[in-house]
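# Architecture and fold: a report
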Amino acid sequence: MTSATSDDPSSVSGPGATAPAAGGADVAVRRRRRSLGRALAPVAAMAPFSIYSFLGLGVPILAVIYYAFQSEQGKPTLSNLALVTHGSYLLGFENSIVLALITSIVPGILGLILAYAIATSRSTLLKRLVATASGVLANFGGINLTFMFIATLGSTGILTAWLSAIHLNPWNFGFNLYSFYGVVLVYLYFQVPLMVLVITPALGGLRPSWREAAENMGASSWRYWRYVGIPVLMPSVLGGMLLLFGSGFAAYATAETLTAGTVTLAPIQIGSLLAGNQLAGQENVGYAVGLGMFVVLALTMILYGLVRRRASKWLR
Amino acid sequence: MTELADATRTTEPAPAGARVGLEGLVRTYGATRALDGFSLAIEPGEFVALLGPSGCGKTTALRVLAGFEQLDSGRVTVDGRDVGKISAQHRDMGMVFQSYSLFPNMNALNNVAFGLRMRHQHAAQRRQKAGELLELVGLSDQAQKYPHQMSGGQQQRVALARALAIEPRVLLLDEPLSALDAKVRAELRDQIRQLQQRLAITTVFVTHDQEEALSMADRVCVMSAGRAEQTATPATLYSRPTTPFVAEFVGVSSRVPVEPVNDTVTLFGESCRVRPSDAGVPTGEVDALLRPEDVTVTLDATAKPFVTHKSFLGAITRVIVQVDGVAVRADVRSDVAADIELGARVRLAVVSRDVLVARRAPARPAPTD
């Protein structure tokens, strides 16, 4: 009888009746705790880096914005911004934007072609070599890279010497490593591998059967690329080029050590101002230049977003 | 169906199926011979399935026909013309791929219209025709959808419409149903067959699924190791396999050890003729290959064979009987099988006039299906 009663929850009475309910409540509490734990776990995991990012990026941005609108006496002013929109500061922005555009578009295309050649190669060894080399070279900038180029293509560089021996000294044909286009050339060295790294996964997503399907329907290789390959890759290519733009726009050490400030670029100007090369009464101009760089990058990202939105409407 | 028929009338080209010849195709990859002298002749408007296990060369044969693979030797002809030197781009063959392969950056309408665009058709014309073809496959309401917004079955129907848009003389289907679930697969199977018959397009269909091949094709070519084992109508292939491989690959067969004497063998106490085989009558130890429906089962308490398994398959029940250590499958009407208990002693008999024999295979675990 007891067992029969306990088998029928509706007929249970007495002290034992509360046990299942209490057990149910315990289970519910445990479930709530578990789900809360699951919800908080990602937040807890992200917290250290989020705090670090805020201190390393958020606070400086806020500081740059704040001081860009402050005079040296601590009063609100627009004079810093007025200064950086004229003269050498404006030239610095123009040069930096042109440099970033050239070193995003040219390496973007070169990197895409190189990555495609590697992706379609049958040699797995070559693929691994290029992937490893790209990973290293994409991070090989600054003083080391500058020195390497000076030793190679400087006016007394080894390659220059070899080319001189066959009467092809590039310096005699107007080449100057320490000029704006010298900087462009050096930037290619890390921008092309960076594009290879970024675009290779996207190329892996191009299915061979798309090409075969296109061919089967009468498309030539060019028309396949025009109607299928390039449109499919476009969002990734744009993303890669945006990364190159940011990298080319903000790079400092390579340009500074190569040109010693003779090429006017916004990051070099900030470096110079930070080093104390500032005029009296213009102590906060560096912040305004920094703010200008943020604005340029923000505008670039907005433009990128609009273009990408158009290029990838098929992904939505 | 009415809609389908009406739509077909508007787009249906004149029967334009081509005669296709594959003659002595050889294709090697390193030491592997994917095609080893494969030959097949396909009549205009015929639906032929290439059936075989993985690695038998069926997809390679299809890709050779499409122009995606180069031959080491052999000849591919379309209406008697050697197309070996014609690129895939100019072969006028529509292909449907296993993985759909719709262009992800184009909506359904533009995918279908792609081939027409490559043929420089006017935009309005190609939109109209693509729309008609989408209606033909029952997807006119999905015209503006992108591939990732459609189900697998819908994508494959768009792929079919895309392949048909160029009015191909040969339609190539590379396992088009294998990525779909069973229900969609059955629906699309019927739709493909109906369209093929209405449009009278010569069609080559690659599959490893014998049910698909037997239910859809006019003829089935069973392939093994890069060669055609047997090419015949589904009924002939099933009931009169000419090689042991076909007998075992298509349908279900039980192997029963026998000793041939003057082209006859004794099976369950009765004499049967040995069926002539392409491979000839093997010598040495041989097995008879028996279809489950060729074996009858009768309850007999004095007999030695006994029932070990029963599988209900609807109208019939498959019974497995242990005979001298050998498992023999037999199909029994389910109402009759209801009276046959597991362990029951039964008597077996063969209903066919002749049986196929093959060299004895190594011992395998007893079947349970």
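Residues numbered from 1 in each chain as written. Chains lettered and ligands numbered in written order. Predicted model: local features only at pLDDT ≥ 70, side-chain atom pairs only at ≥ 80, totals over all residues.

## Considerations on the overall build of chain B
The following threshold applies: Think of it this way: any DSSP run of H or I at least four residues long counts as a helix, any run of E at least two long counts as a strand, and we number them from the N terminus. Field definition: a residue is buried when 20 or more other C-beta atoms are found within 10 Å of its C-beta, exposed when 12 or fewer are, and partly exposed for counts in between, with C-beta atoms placed from the backbone. Note on contacts: each residue gets a C-beta atom placed from the backbone, and two residues are in contact if those atoms are within 7 Å.
For chain B, the helix and strand inventory stands at 10 helices and 20 strands. Principal axes of the C-alpha set define a box for chain B whose edges measure 80 × 45 × 35 Å. Scored against the burial criterion, the 369 residues of chain B give a buried share of 46%. Across chain B, every contact between residues at least 6 apart in sequence was considered, and the portion connecting residues at least 24 apart equals 69%.

## A closer look at the interface of chain B and chain A
This is how the line gets drawn: Nonpolar residues are Ala, Val, Leu, Ile, Met, Phe, Trp, Tyr, Cys and Pro. Charged residues are Asp, Glu, Lys and Arg, and all others, Gly as well, are polar.
Of the residues lining the interface, 18 residues belong to chain B; the matching set on chain A comes to 16 residues. Mapped by element, the contributors of at least two residues to the side of chain B that touches chain A are β6 (93-96) and α3 (108-118) of chain B. Per-element accounting of the side of chain B that touches chain A gives the leading share, three residues, to α3(B). In terms of residue class, the side of chain B that touches chain A is made up of 12 nonpolar, five polar and one charged.

## Considering the pairing of strand β8 (residues 202-207) of chain B
All names here are of chain B. The line we're drawing: Here, strands pair whenever DSSP counts at least two bridges between them. Note on handedness: a crossover is taken as right-handed if, strands pointing away from the viewer, the path from the first strand over the helix to the second is clockwise.
The buried fraction of β8 is high, at six of six residues. Where burial is concerned, the two faces of β8 agree: the one with Thr202, Val204 and Val206 and the one with Thr203, Phe205 and Thr207 are both buried. Looking at chain direction, strand β3 (residues 47-51) and β8 are connected through five bridges and run parallel. When the sheet's bridge partners are listed, Val48 is paired in β8 with Val204. Where strand β7 (residues 170-174) lies against β8, five bridges are found, and the strand directions are parallel. Across the sheet, the residue bridging to Leu172 is Val204, located in β8. Regarding topology, helix α6 (residues 182-199) serves as the crossover connection from β7 to the parallel β8, and that connection is right-handed.

## Describing the domain arrangement of chain A
Residues and elements named next belong to chain A. As a reminder of what qualifies: An automatic or database domain assignment provides the domain bounds reported here.
On domain assignment, one finds that chain A holds domain 1 (24-68) and domain 2 (79-315). Inter-centroid distance (C-alpha atoms) of domain 1 to domain 2 is 34 Å. In this complex, domain 1 contributes five residues to the contact, which on the side of domain 2 involves eight residues. A breakdown of the residues in the side of domain 1 that touches domain 2 according to their chemical character gives five nonpolar, no polar and no charged.

## Digging into the sheet that holds strand β4 (residues 73-78) of chain B
Residue and element names in this part refer to chain B. For clarity, the threshold we go by: Lines fitted to C-alpha atoms define the axes here, with helix axes fitted over just the stretch in contact, and angles between the N-to-C directions of these axes take values from 0 to 180 degrees.
Strand order in the open sheet formed by four strands is β2-β1-β4-β5, with antiparallel pairing between adjacent strands. Since the sheet does not close on itself, it has two edges, and those belong to β2 (32-42) and β5 (81-82), each with one partner. In this sheet, β2 lies alongside strand β1 (residues 20-29) in antiparallel orientation, the contact comprising eight bridges. By the bridge assignment for β2, Arg27 is matched with Leu35. Its contacts with the sheet put helix α2 (residues 58-66) on β1, β2 and β4, and the angle it makes with β1 is roughly 115°.

## Here's the deal with α3(B)
Counting buried residues along α3(B), 11 of its 11 residues qualify, which places the element largely inside the surrounding structure. Within α3(B) the residues assigned to the buried category are B:Ala108, B:Leu109, B:Asn110, B:Asn111, B:Val112, B:Ala113, B:Phe114, B:Gly115, B:Leu116, B:Arg117 and B:Met118. Where the residues of α3(B) are buried, they touch α10 (221-250) of chain A together with α4 (123-136) and α5 (152-165) of chain B. The positive-phi residue at the C-terminal boundary of α3(B) is B:His120, with phi of around 60°.

## Points about the sheet that holds strand β18 (residues 326-333) of chain B
Residue and element names in this part refer to chain B. Read from one edge of the open sheet, three strands run β16-β17-β18, paired in antiparallel fashion. Each edge of the open sheet carries a strand with a single partner, namely β16 (306-312) and β18. Between one strand and the next, the sheet's axes are offset by a mean angle of 25°, whatever the strand orientation. As paired elements, strand β17 (residues 316-323) and β18 share eight bridges and run antiparallel to each other. Paired with Val323 across the bridge in β18 is Val326.

## Comments concerning the pairing of strand β12 (residues 264-267) of chain B
The alternating pattern of β12(B) places B:Val265 and B:Leu267 on a buried face, while none of B:Thr264 and B:Thr266, on the opposite face, is buried. Adjacent in sequence and paired antiparallel, β12(B) and strand β13 (residues 270-274) of chain B are bridged by two residues, among which B:Phe268 carries a positive phi angle near 50°.

## Topic: the domain arrangement of chain B
Assigned domains within chain B: domain 1 (2-239) and domain 2 (252-359). Put simply, the middle of domain 1 of chain B and the middle of domain 2 of chain B, counted by C-alpha atoms, are 39 Å apart.

## Topic: the confidence of the model for chain A
Residue and element names in this part refer to chain A. The line we're drawing: Confidence of the predictor at the level of single residues is given by pLDDT, which spans 0 to 100.
Looking at chain A, the pLDDT average stands at 85 and 92% of residues meet or exceed 70. Between the elements of chain A, mean pLDDT differs from a low of 38, seen in helix α1 (residues 2-7), to a high of 93, seen in helix α9 (residues 208-216). Confidence drops under a pLDDT of 50 for residues 1-18, and excluding neighbours within four residues, the segment shows five contacts in the predicted structure.

## What about unusual backbone geometry?
Peptide bonds are trans in most cases, and residues, glycine excluded, mostly fall at negative phi. Residues and elements named next belong to chain B. One non-glycine residue, His120, lies in positive phi territory at about 60°. Positionally, His120 belongs in the loop between α3 and α4. Judged by the 8 C-beta atoms lying within 10 Å of it, His120 falls in the exposed class. Of note, the phi angle at Phe268 is positive, near 50°, even though the residue is not glycine. Mapped onto the fold, Phe268 is located in the loop between β12 and β13. On the basis of neighbour counts, which here come to 18 C-beta atoms within 10 Å, the residue Phe268 falls in the partly exposed class.

## A look at the packing of helix α12 (residues 266-274) of chain A against helix α13 (residues 285-311) of chain A
Residues and elements named next belong to chain A. Formally: For classification purposes, an angle smaller than 35 degrees is called roughly parallel, one larger than 145 roughly antiparallel, one from 65 to 115 roughly perpendicular, and anything else oblique. For a crossing to be left-handed, the near helix must be turned anticlockwise from the far one by less than a right angle; the clockwise case is right-handed.
Interhelical geometry of α12 versus α13 gives an angle of 155° and a closest axis separation of 9 Å. Comparing their axes, α13 and α12 come out roughly antiparallel. Crossing of α12 over α13 shows left-handed handedness. Mapping the contact onto sequence places Ala266, Gln269, Ile270, Leu273 and Leu274 in α12 and Val285, Gly286, Val289, Gly290, Gly292 and Met293 in α13. Its residues assigned to classes, the contact of α12 with α13 comprises seven nonpolar, four polar and no charged.

## Examining the packing of helix α6 (residues 143-153) of chain A against helix α7 (residues 158-165) of chain A
All names here are of chain A. Where α6 meets α7, the closest approach of the two axes is 3 Å, and the angle between their N-to-C directions is 20°. Overall, the two elements α6 and α7 adopt an arrangement that is roughly parallel. Contacts between α6 and α7 involve Ala151, Thr152 and Leu153 on the former and, on the latter, Ile158, Leu159 and Thr160. Tallied by class, the residues present in the contact of α6 with α7 amount to four nonpolar, two polar and no charged.

## Side note on the environment of A:Thr160
All names here are of chain A. Tracing the backbone shows Thr160 in helix α7. Look at Thr160 and you get buried, because 21 C-beta atoms sit within 10 Å. Distance in space between the C-alpha atoms of Thr160 and Trp171 is 7.9 Å, their sequence separation being 11 residues.

## Comments concerning the environment of A:Gln191
The residue A:Gln191 is located in helix α8 (residues 180-204) in this model. Ignoring sequence-local partners within four residues, the contact set of A:Gln191 consists of A:Thr103, A:Pro107, A:Leu244, A:Ser247 and A:Gly248.

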